[in-house]
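# Residue-level structure breakdown
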Amino acid sequence: MPTAAFACEPLIGDHPSMAALRDLVGRVARSRASIVLIYGETGTGKGLVARSLHAQSARASKGYTEINCAAIPGNLLESELFGHERGAFTGAVARKTGLLEAANGGSVFLDEIRELDPVMQAKILTLLDSRRFRRIGSVQEVSIDARFIAATNKILLGEVQAGRFRDDLYYRLQVVSINLPPLRERGDDVLVLARRFLDRYNATHGSAFISIDPEVQRIFRAYSWPGNVRELSNLLERICILEDGDTVLPQHLPQRILRDAGKPASPPASLQSGDYAEQTARFQRGLIQSTLQAEDGNLGRAAQRLGLTRHALRHQMLKLGLER
């Protein structure tokens, strides 16, 4: 529902991808971009980024409305969004102001936009193009000035190609895109977040966990976290509710996490087929290039990050045909 006094949690994490994300969110929030698309796996924090976009914008004092497109049945969503006039349908005993109208001047977050049915996809496209809509049962158009933030956990281009999402709506949403990194790619951020969640749930549930066992830290780094930050948060809340002590121990963890963290990492898909030497060289090139990019082309820092000497890195680059 719309919120008058808006507060938002910070985007936590020390990994370079999170620093880049915070910078991008800040720049987009302060811009005049009226359509933003957020992509991220389930549990990566799309809602948190949407709220941050609103909180840092000039619209922060206006309404913020979150709409989960997957949670509201299609036959009710139109009325929820656009509102309706008295007598528009059976049960419409009074005029209803829709969520969009209530958020005028602020931000509208359309979560899981992929779940809209084809009819609602067409109506949302018209709304984004014209910034006008009609309440159900009305002939009068209502204008809206709002930033629309859409989110999805699916690759929308793939949905377009499969015929499940309108291509014109897809291209309309592709004004500014923000991609959220999965937790498994954020290194030690999993420990930063774990400690933060422990502090939160200690206060909520009266528990006293102040440390994380070194073996649990190893497991957290090795685990794939398919549910991402949400899965980590839920796990630590469960521990704070059900377990005793001041240290999170391996025996506090579910067997599925222990099993997954004990498995050797699977090679990238590109290394699972084709000529071994060729695919290995391709992987090495990509690793060196991405590391150099992350270190702004600094050869010394890139070598240190890769666990090589500067001379060894230069030799590898020459061998792989890479120019600095």
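All values reported here derive from a predicted model rather than from experimental measurement.

## Describing the nonpolar core
Leu 81, Leu 100, Leu 110, Phe 148 and Leu 173 are the most contacted members of the largest nonpolar core, which totals 31 residues. The set of elements that each furnish at least two residues to this core consists of strand E1 (35-39), helix H3 (74-82), helix H4 (99-102), strand E5 (107-111), helix H5 (118-130), strand E8 (147-152), helix H6 (156-161) and helix H7 (167-173). Counting residues per element, this core draws most heavily on H5, at five residues. Sequence-distant contacts of Leu 81, defined by excluding residues within four places in its chain, comprise Ile 67, Gly 98, Leu 99, Leu 100, Leu 110, Met 120 and Ile 124.

## Structural notes on the pattern of salt bridges
By the definition in use, this model includes 18 salt bridges. Residue Arg 186 pairs with Asp 189 through a salt bridge whose shortest N-O separation is 3.2 Å. By the burial criterion, Arg 186 is buried, and Asp 189 matches it. Put simply, Arg 221 and Asp 188 hold a salt bridge, and the shortest N to O gap is 2.7 Å. Here the residue Arg 221 occupies a position in helix H9 (residues 214-222), and Asp 188 occupies one in the loop between strand E9 (176-179) and helix H8 (189-205), the gap between them amounting to 33 residues. The exposure class of Asp 188 is partly exposed, given its relative accessible area of 44%. Taken together, the salt bridges that share partners define one network made up of Arg 114, Glu 159 and Arg 164.

## Structural notes on the confidence of the model for the protein chain
Averaged over all residues, the pLDDT of the protein chain equals 86, while 88% of them reach at least 70. Per-element mean pLDDT across the protein chain ranges from 68 in helix H12 (residues 276-294) up to 97 in helix H10 (residues 228-242). Confidence drops under pLDDT 50 across residues 1-5; counting only partners more than four residues distant or on other chains, this segment forms 11 contacts. This model gives residues 264-276 a pLDDT under 50, and the stretch forms eight contacts once residues within four places in sequence are excluded.

## A short note on H5
With 13 residues, H5 extends 19 Å between its outermost C-alpha atoms, agreeing within 8% with the 18 Å of an ideal straight helix rising 1.5 Å per residue. Capping the start of H5 is the job of one residue whose side-chain oxygen sits 3.1 Å from the backbone nitrogen of Val 119: Asp 117. A positive backbone phi angle near 60 degrees is found at Arg 131, which sits one or two residues after H5.

## Some points on the side chain of Ser 52
Among the structural elements, Ser 52 can be located in helix H2 (residues 46-55). Residues contacting Ser 52, with those up to four places away along its chain left out, are Cys 8, Leu 11, Val 25 and Ala 29.

## Digging into the environment of Asp 167
On the secondary structure map, Asp 167 appears in helix H7. As a C-alpha pair, Asp 167 and Leu 156 span 11 residues in sequence and 9.1 Å in three-dimensional space.

Rules behind the numbers
- The residue numbering used here restarts from 1 in each chain and proceeds along that chain's sequence as written.
- Predicted model: local features are reported for residues with pLDDT of at least 70 only, side-chain atom pairs are reported and counted for 80 or more only, and whole-chain, interface and lining totals are derived from all residues.
- Side-chain numbers come from the whole structure's heavy atoms, not from hydrogens or water.
- Throughout, nonpolar core names a set of buried Ala, Val, Leu, Ile, Met, Phe, Trp, Tyr and Cys residues whose side chains join them through atoms within 4.5 Å.
- Exposure categories follow from relative accessible area, calculated using a 1.4 Å probe and restricted to protein chains: below 20% of the type maximum is buried, above 50% is exposed, and the middle band is partly exposed.
- By the criteria applied, helices consist of DSSP H or I runs no shorter than four residues and strands consist of E runs no shorter than two, each listed in order from the N terminus.
- We call two residues in contact when some of their heavy atoms are within 4.5 Å.
- The working definition used for a salt bridge is a side-chain nitrogen of Lys or Arg within 4 Å of a carboxyl oxygen of Asp or Glu.
- The predictor attaches a confidence to each residue, called pLDDT, with possible values from 0 through 100.
- For a helix, the expected span equals 1.5 Å multiplied by the number of residues minus one.
- As used in this structure description, the phrase polar contact means that two N or O atoms lie within 3.5 Å; if the pair is within protein, one of them must be able to donate a hydrogen and the other to accept it, and residues adjacent in sequence are counted only when both atoms belong to side chains.

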